[in-house]
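Descriptive structure summary
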Amino acid sequence: MAQDTTSVEEQLEAAFEELDTEDAEDAGEQLTQFLEDLAANPVNINQAGLDDFLQVPGINLKIARGILDYRQSKPFETLDELLEVPGIGQATYRRMQPYVSVGGTGSRFRDMYMRPEYWLAGRKVDVFSRYQQNLETREGFKRSDSLGGYAGNAMKYYQRFRMTSNHLSLNLTQEKDAGEPLSARTGFDFNSAHIALSDVGNLNTMVLGDYSLSFGQGLVLWTGGAFGKGREVTGTISKNERGIKPYSSAQETNYFRGAAVSYGQEIELTTFYSYRPRTASIINGDTTRFPSSSGLHRTANERARKNNIDQTTWGGRVRWDSPLGLIGATGYVNNFSHYIAKGSSKSNLFDYEGKEHSVVGIDYRGLLGNAFIFSEWARSQNGGYGGIAGVETPVRDNTDLAFAYRKYSKDFQSFLGTGFGESSSSPQNEEGFYIGLRHSVSRKITLSTYFDQYYFAAPRFGTTQATGGMDLLGLAEIFFNDRINGYLLMRSEVRDDEFVMIESSGQEKLKLGSEKRNSIRGHLEYQLSSRVRLRTRMEVVQNREAGEDWETGFLMYQDVRLIPSTKLRIDGRVTLFDTESFNTRVYQFESDLLYVLSNTVLYNQGQRAYLTVKYEPVDYMDIWFKYGITIFENTQVLGSGLSEVRGDVRNSLGLQVRLQF
């Protein structure tokens with residue numbers, strides 16, 4: 001299991017390290033939990049159906065069909081036999097390996113629904129308790145609640161009780177963020193619960209309570225987190241829908257609350273209903289802004305707005321597993337209890353406004369020879385449209401190619417969707433073409449690249465006119481031997497941006513220029529023994545804002561993983577960083593508590609170190625501990641307003657306990 005955990009961490013790092021911190025957190029919390037749970041409960045390749053395989057990273061429709069065809073002649077005896085399936089090479093195999101297992105081909109006991117052992121087969125009980133805290137006192141904790149300060153203490157606390165079996169899931173998740181009050185043991189700011197059935201005859205999934213929905217390519221409905229542009233240049237631009245999933249995350253806005261059911265095999269029907277309160281800023285009377293995604297209720301003003309608007313969503317989906325491929329249609333209707341008013345800036349011109357809203361779309365995934373083809377086209381109630389189409393195909397035995405075209409009109413309003421693109425938010429106001437290529441020079445050397453060109457037809461945040469840009473990534477991965485591997489990553493991005501120029505007359509004039517960001521990273525990993533792994537990284541970033549001079553940022557770290565015994569794992573890292581400003585910030589993905597995504601942003605000058613420990617004192621208990629410290633060389637103040645902290649040292653602490661029965 002330690003190897004599986006390492007592989008999951010590496011995939012999350014590859015997916016999210018290139019994203020800004022806030023984007024990574026919003027997109028990654030649910031995906032982190034999904035992958036960790038999938039690794040803990042891997043798919044049995046001798047029993048799984050098509051949809052089970054499509055949950056696994058690296059497996060698209062072509063590979064899933066290939067596995068099903070292969071096992072018709074004989075069951076799999078080892079995982080290595082997957083390499084005999086057409087379309088599965090070493091890179092794909094490494095990506096999917098943590099999430100699959102070889103098991104028997106026994107009956108699913110579909111005639112035993114009335115027997116308790118049917119519902120309790122494969123039973124697991126997890127009890128989580130997590131504590132996290134930044135040890136320095138922010139300004140909001142120094143002020144009283146009556147003076148606009150935080151009402152609660154600085155502790156962030158999370159707990160979860162979950163029971164799962166082969167066919168049943170029961171869950172209760174509770175959380176309070178730093179600054180939020182906690183009244184007694186039940187007074188958490190966020191509470192989430194569900195009861196779910198799965199794989200019961202033709203009933204695929206039924207959830208009462210909280211759930212997520214992920215369909216098609218995400219243009220209509222996608223709330224479960226997804227991979228995007230990153231070091232995996234092929235196999236990530238298309239989405240494999242997860243359908244209905246019981247929700248157990250602590251992310252407070254990206255889910256549904258009510259009931260959802262999917263039924264059928266060749267033709268699968270899905271329907272859902274959701275009613276839940278949201279939090280929005282009041283403009284006047286019955287008019288508010290769009291509901292907030294922060295989930296924070298710390299000050300008197302934030303708490304007064306909590307749950308002040310209701311959101312009702314209902315809809316459905318039909319999907320046909322046809323001889324031509326998977327064909328689906330999805331739609332929903334959404335109602336807010338208050339009128340939603342859009343912002344007044346030019347970048348808000350085409351945002352949603354009103355009380356009622358709906359989106360419908362059709363999607364397709366199929367095979368054309370050796371090529372995997374995918375697409376989705378959707379239309380929102382106001383007439384805006386969005387579409388994406390692409391192909392993933394082998395060019396030769398050692399080369400994979402992927403390309404996709406996307407066009408989300410400036411008035412396409414699909415705020416419950418997540419489409420592939422430059423923007424990490426809902427698919428809107430973007431047109432782009434992506435091409436990715438992965439080539440295995442030999443078993444030891446793999447070269448990857450992608451090029452993405454995009455255009456925003458309407459102003460985006462911070463601009464008053466149409467803009468565009470391009471993003472280029474190059475990656476060379478080298479496996480020197482069983483103990484040493486590394487990679488060299490280069491990335492360049494050019495994006496239009498506005499700046500103010502002072503003319504000779506002294507007047508200010510707004511002009512359109514180019515913002516450029518280049519980075520180069522060298523990363524080396526060496527497995528000294530089965531108990532010691534070292535990682536070394538150096539990265540240089542250059543950035544030039546429109547109308548400004550070049551700035552430089554630098555990062556270097558040394559990382560060590562020690563496994564003294566099967567019950568103890570220790571991760572430690574020391575990082576040096578030096579950036580001229582926030583514009584040349586650098587990121588590092590860190591080992592953290594289970595289900596916590598940690599993509600730390602570093603800027604200014606200083607050093608950072610952290611220590612993460614996982615200890616298993618007994619078979620049914622895991623304990624995680626993390627301590628991090630950052631020392632700055634050139635600043636005594638970070639943040640602003642209620643988040644302001646004085647001093648040159650930042651300390652953080654995390655502790656988590658999990659009981660499993």
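Residue numbering note: each chain is counted from 1, following its sequence as written. Under the rules for a predicted model, residues below a pLDDT of 70 receive no local features and side-chain atom pairs below 80 are neither given nor counted, while totals for whole chains, interfaces and linings still include all residues. Excluded from the side-chain calculations are hydrogens and water; all other atoms, namely the structure's heavy atoms, are used.

**Thoughts on the pairing of strand β6 (residues 190-200)**
A regular strand places its side chains on the two faces of the sheet in alternate fashion. Strand pairing follows a simple DSSP-based rule, namely that at least 2 bridges must link the two strands. For helices the rule is a DSSP run of H or I covering at least 4 residues; for strands it is a run of E covering at least 2, with both sets numbered from the N terminus onward. The pairing of strand β5 (residues 168-176) with β6 spans 8 bridges and is antiparallel. Looking at β6, one finds that Ser169 is bridged to Ala196. Here β6 pairs with strand β7 (residues 203-214) via 6 bridges, running antiparallel. Its bridge partner being in β7, His194 is matched across the sheet by Gly209. The turn joining β6 and β7, which pair antiparallel and follow one another in sequence, is formed by 2 residues; a positive phi near 60° is taken by Gly201.

**Concerning the pattern of salt bridges**
One speaks of a salt bridge when a side-chain nitrogen belonging to Lys or Arg is within 4 Å of a carboxyl oxygen belonging to Asp or Glu. Scanning the model with the defined rule gives 38 salt bridges in all. Of the charged contacts, one joins Arg257 and Asp210 as a salt bridge, the two residues approaching to 2.7 Å between their closest N and O atoms. Here Arg257 is found in strand β9 (residues 256-263), whereas its partner Asp210 is found in strand β7, with 47 residues between them in sequence. Note on Arg257: relative accessible area 27%, which makes it partly exposed. For the salt bridge of Arg495 with Glu493, the shortest nitrogen-to-oxygen distance reads 3.5 Å. Working definition: with a 1.4 Å probe on protein chains only, accessible area under 20% of the residue-type maximum means buried, over 50% means exposed, and in between means partly exposed. We classify Arg495 as partly exposed; its relative accessible area is 24%. A residue is classified by how much of its surface remains accessible, and Glu493, at 15% relative accessible area, is buried.

**Looking at empty space enclosed by the protein**
Using protein atoms alone on a 1 Å grid, points that fit a 1.4 Å probe yet trap it form a cavity, whereas open point sets bounded by protein on both sides within 12 Å along at least five of seven lines form a pocket; residues with an atom within 4 Å of a point count as lining. Grid points are joined across faces, edges and corners, and a volume is the space filled by probe spheres set on the points. Per the counting criterion, the structure on display carries 3 cavities of 30 Å³ or more. Size it by volume and the largest cavity reaches roughly 80 Å³. Of all the elements, helix α1 (residues 2-16) adds the most residues to the lining of the largest cavity, at 4 residues. Charged residues are taken to be Asp, Glu, Lys and Arg, nonpolar residues to be Ala, Val, Leu, Ile, Met, Phe, Trp, Tyr, Cys and Pro, and polar residues to be all remaining types, Gly included. Class assignment of the residues belonging to the lining of the largest cavity gives a composition of 1 nonpolar, 2 polar and 8 charged.

**Details of the confidence of the model for the protein**
Predictor confidence is given residue by residue as pLDDT, running from a minimum of 0 to a maximum of 100. Mean pLDDT over the protein: 89, with 95% of residues reaching 70 or higher. Here, two residues are considered to be in contact whenever any of their heavy atoms come within 4.5 Å of each other. Overall, residues 107-111 carries pLDDT values under 50, and its contacts beyond four positions in sequence, including any with other chains, amount to 10 contacts.

**Notes on the packing of aromatic side chains**
Here the aromatic set is Phe, Tyr and Trp, taking the six-membered ring for Trp, and pairing holds for ring centres within 6.5 Å; pairs whose planes are under 30 degrees apart are stacked, those over 60 apart are edge-to-face, and all others are tilted. Under the defined criterion, the tally for this structure stands at 21 aromatic pairs. Arranged with centres 6.2 Å apart and planes meeting at 45°, the rings of Phe336 and Tyr352 form a pair that is tilted. Residue Phe336 is found in strand β14 (residues 325-340), and its partner Tyr352 is found in the loop between β14 and β15 (354-368); the two are separated by 16 residues along the sequence. One exposure class covers both Phe336 and Tyr352, and it is buried. Every member of this aromatic cluster is reached through a ring pair, and the members are Phe290, Phe336, Tyr352 and Phe415. For Arg276, the ring lying beneath its charged end belongs to Tyr255, and the centroid distance is 4.0 Å. Here Arg460 stacks its cationic end above the ring of Phe456, 4.0 Å away from the centre of that ring. Whether a charge sits over a ring depends on NZ of Lys or CZ of Arg being within 6 Å of the ring centre and within 35 degrees of the ring normal.

**Thoughts on the pairing of strand β23 (residues 508-529)**
Of the strand pairs in this sheet, strand β22 (residues 484-502) and β23 are connected by 19 bridges, and their pairing is antiparallel. When the sheet's bridge partners are listed, Leu489 is paired in β23 with Arg521. The antiparallel pairing of β22 with β23 creates a hairpin that spans 5 residues between the two strands, and Gly506 there sits at a positive phi of about 95°. Relative to strand β24 (residues 532-544), β23 is paired through 13 bridges, and the arrangement is antiparallel. Note that in β24 the partner of Lys516 across the bridge is Arg544. Connecting β23 to the antiparallel partner β24 that follows it, the hairpin turn spans 2 residues.

**Here we look at unusual backbone geometry**
Located in the positive-phi region is Asp199, a residue other than glycine, with phi close to 55°. Positive phi, close to 75°, is recorded for Tyr595, a residue that is not glycine. Tracing the chain through its elements places Tyr595 in the loop between β27 (586-589) and β28 (599-602). Residue Tyr595 is classed as buried on the basis of its relative accessible area of 8%.

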